[in-house]
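As a plain string of letters, each chain reads:
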Amino acid sequence: MRKFLAIILLCFTFAFAAESNKTQEEDIISITNQIQTINSQIKILKAQQKDTNNSKADNSNLASLHKKKSDLLEKIPNYIMQIELTQNDINKFNLQKEALEKKVARLEKQSNKDAYIQSAIELEKMKVDYAYYSALISLEEVFKKGAKANSIRDVIDNGLLNLQTNSYVSIKDLKDSLNDTSGSYDNAFFDLELKKESEEEILTYLKNNADLLSSSMLLSELNLVDAVEYINKTTDINSSKFNIGKIVVIVAIFLFFVSLTRILAKLTYWLMSLIASGEGVKEAKNQIVDIVKKPISALLIIYALNICIGVGFYPVPVPLTVANIFSIIYIVAFSWLVLTILNGYGIAIIDKIAQKSKRKEVINLALKVIYVIVLIITLLLILQKLGFDISALIASLGIGGLAVAFAAKDIIANFFASVMMLFDNSFSQGDWIVCGDIEGTVVEIGFRKTTVRSFDNALIFVPNSKLASDPVRNWSRRKVGRRIRMVIGIEYGPTTEEIKKCVNDIKNMLINHPDIAKSEDIAANKRGLKYRQNIVSVDDYAGYKSNLFVVVDDFADSSINILVYCFAKTIVWGDFLDVKQDVMLKIMDILKQNGLNFAFPSQSLYIENIKDKI
């Protein structure tokens with residue numbers, strides 16, 4: 001990857017760092033005139049659309065003209081830096097202006113109205129050009145100094161203010177003084193106003209792209225321009241094909257930022273060491289550092305390339321298309337960095353919160369919401385850089401919101417169901433739940449679905465709306481008590497006293513069993529919930545069960561059934577099975593000690609003496 005970037009850098013160095021000696025066929029004046037001509041053609045086509053129905057052809061021509069104008073506007077910053085104005089040019093312009101002002105004043109007193117109007121309009125054109133080119137010359141000086149975007153906007157705002165206010169008043173006064181109803185001077189005033197509008201459009205375009213035009217600001221702050229000039233003076237290499245000072249500075253900048261990525265990797269590792277705590281987080285530290293290091297390194301490389309391109313183009317600002325592309329790349333890179341920080345540092349920090357609150361699903365959903373917000377903001381910023389009207393786009397979402405909501409009603413229902421489940425706290429990650437024919441452990445609660453791992457190790461994706469509407473059995477929401485219920489069938493034949501003694505022995509065994517829940521065990525565990533006793537049943541709310549029953553329950557066909565009903569202290573399935581097994585083995589011993597036998601389904605056949613009918 002770095003070899004590839006080095007090749008690009010080398011190509012860029014020789015492509016853009018050269019001192020071009022080519023003569024420019026165009027200048028700022030010709031570009032401005034071309035834009036004015038295109039605006040005139042656009043107005044004519046729009047006027048024709050009102051009179052004809054050939055809108056398709058007109059739209060095609062309009063699109064072509066707008067494309068040409070966009071290309072010309074993009075060249076404006078380059079030609080601003082090529083304005084060469086001497087004191088003789090300024091003096092010559094002032095002399096022409098003074099001569100024309102005198103001529104207009106003389107003609108105004110005479111009866112030659114046509115000559116007066118033509119000279120007055122020419123004077124107004126000269127005033128418009130003066131305000132426009134004065135702003136451009138000021139911009140040239142600002143560009144060379146590497147001013148910030150705010151300084152560029154201030155210069156343009158002053159130029160626009162002079163152009164809009166002074167020329168507007170002068171043109172309006174000139175029109176009012178004519179009292180012409182024939183419209184014989186309409187074309188002349190149309191050209192004047194078109195000139196003013198075109199030059200206002202150019203200045204407004206530069207103002208809207210002030211952020212992109214401030215590319216040389218960083219070069220000035222870092223004194224890179226001085227470094228380039230110093231290298232060119234101290235070296236004896238003079239070539240028209242390349243600028244040795246720019247080449248040295250570009251290579252030095254690029255190598256510095258590439259080496260900085262390694263230093264940053266070590267700094268990232270150190271910061272992660274401070275944040276990480278706990279064995280689980282520390283084991284994942286190296287992996288998190290690798291994840292975060294990639295977007296940071298990419299940002300540094302992009303930043304280095306941006307500076308190098310600025311050096312290569314200096315003193316001309318970087319072309320707006322190139323600057324806009326880098327702006328989009330910055331947006332994507334910063335979004336990547338934010339998302340990876342959430343995956344890296346964010347998860348490490350949030351894991352601490354989850355360990356205390358035990359609500360990992362809330363943190364998980366919050367992370368996903370942040371992901372979506374970051375992606376939406378990224379998309380909107382990219383669309384804005386591409387020239388889309390974001391406010392109009394957001395407004396259109398309101399118009400089409402009903403259709404979108406209808407089409408995505410299931411997705412919306414599932415999303416709000418996930419939010420309601422989190423507020424209701426019906427279950428959490430890791431809980432064992434049953435919903436209809438779905439049973440397993442909750443893995444993750446997402447926007448649209450909840451992931452459940454079944455006990456046969458299958459992954460089940462359940463829509464959140466189903467879990468929100470259907471009954472859910474949560475086996476994990478209990479503090480003390482997992483039920484043991486069994487029916488013990490003994491044979492008919494023992495006396496009442498023998499059965500009573502067996503029942504009492506089983507009951508005493510359960511009462512004295514260390515792993516069977518008793519009321520005193522529960523009282524010790526729910527001290528912090530006594531304040532809620534008058535509001536809700538604490539035993540049922542928190543999941544405390546200690547019922548214990550051993551009774552003769554049924555006279556079945558083949559057995560006398562003794563019901564054993566109690567709760568193990570543990571709620572862990574594996575431990576529960578061990579407790580249940582121990583209880584069953586002890587019951588077998590009690591029956592054997594009392595001389596009782598387990599019954600099994602049987603039938604007794606009694607044969608009576610029947611007289612032989614034969």
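Everything numeric here is computed off the predicted structure, so don't read it as measured data.

## Let's talk about the packing of aromatic side chains
Within the structure shown, the criterion is met by 5 aromatic pairs. Seen from their ring centres, Tyr-132 and Tyr-133 are 4.7 Å apart, and the 70° between their planes marks the pair as edge-to-face. Ring plane angle 85° and centroid distance 5.6 Å describe the contact between Tyr-565 and Phe-567, whose orientation is recorded as edge-to-face. There is no split in this pair, since Tyr-565 and Phe-567 are both buried. Members of the aromatic cluster, connected to one another through ring pairs, are Trp-432, Phe-455 and Trp-475. The ring centre of Phe-576 lies 5.1 Å from the NZ or CZ of Arg-482, which sits over that ring.

## Thoughts on the nonpolar core
With 36 residues, the main nonpolar core has Ile-28, Ile-76, Ile-80, Leu-136, Leu-139, Leu-203 and Leu-206 as its most contacted residues. Breaking this core down by element, the ones donating at least two residues are helix H2 (28-51), helix H3 (55-80), helix H5 (113-145), helix H6 (149-178) and helix H7 (186-208). If we ignore the near neighbours within four places in the chain, the residues touching Leu-136 are Ile-28, Ile-80, Ile-83, Leu-203 and Leu-206. One finds Ile-250, Phe-254, Cys-308 and Tyr-330 within the second-largest nonpolar core, a separate group that totals 27 residues.

## What to know about the pattern of salt bridges
Taken as a whole, this structure holds 11 salt bridges when the rule is applied. Between Glu-200 and Lys-196 there is a salt bridge whose closest N-O contact spans 2.7 Å. Taken as a pair, Glu-200 and Lys-196 lie in helix H7 at a separation of 4 residues, close to a single helical turn. Just as Glu-200 is buried, Lys-196 falls in that class too. Taken together, the shared-partner salt bridges in this structure form one network comprising Asp-129, Lys-195 and Glu-199.

## Brief notes about the layout of surface pockets
If you add up the space inside the second largest pocket, you get close to 700 Å³. Residue assignment for the lining of the second largest pocket shows that the elements contributing at least two residues are H3, H7, helix H8 (210-213), helix H14 (320-357) and helix H15 (360-385). Among the elements that make up the lining of the second largest pocket, the one with the highest residue count is H14 (5 residues). Tallied by class, residues from the lining of the second largest pocket come to 8 nonpolar, 8 polar and 4 charged.

Calculation notes
- Within any chain, residue numbers begin from 1 and follow the written order of that chain's sequence.
- Only residues with pLDDT of 70 or above have their local features reported here, since the model is predicted, and side-chain atom pairs are shown and tallied only from 80 upward, although totals for entire chains, interfaces and linings are computed over all residues.
- Where side-chain values are given, they derive from all heavy atoms of the structure, hydrogens and water being excluded.
- Centre distance within 6.5 Å is the pairing criterion for rings of Phe, Tyr and Trp, where only the six-membered ring of Trp is used; planes under 30 degrees apart are then read as stacked, over 60 as edge-to-face, and the remainder as tilted.
- Per-residue accessibility, obtained with a 1.4 Å probe over protein chains only, is compared with the maximum for each type, and a residue is labelled buried under 20%, exposed over 50%, and partly exposed between these values.
- By definition, being over a ring means that NZ of Lys or CZ of Arg is both within 6 Å of the ring centre and within 35 degrees of the ring normal.
- The definition of a nonpolar core used throughout is a set of buried Ala, Val, Leu, Ile, Met, Phe, Trp, Tyr and Cys residues joined through side-chain atoms within 4.5 Å.
- Elements are defined by DSSP. Helices are runs of H or I of four residues or more, strands are runs of E of two residues or more, and each kind is numbered from the N terminus.
- In what follows, a contact means two residues having at least one pair of non-hydrogen atoms within 4.5 Å.
- Should a side-chain nitrogen of Lys or Arg be within 4 Å of a carboxyl oxygen of Asp or Glu, the pair is scored as a salt bridge.
- Residues are said to line a cavity or pocket when one of their atoms sits within 4 Å of a point; the points come from a 1 Å grid over protein atoms alone, cavities being sets where a 1.4 Å probe fits but cannot get out and pockets being open sets with protein on both sides within 12 Å along at least five of seven lines.
- Grid points are joined across faces, edges and corners, and a volume is the space filled by probe spheres set on the points.
- In the scheme used here, Gly and all other residues not listed as nonpolar or charged are polar, with Ala, Val, Leu, Ile, Met, Phe, Trp, Tyr, Cys and Pro taken as nonpolar and Asp, Glu, Lys and Arg as charged.

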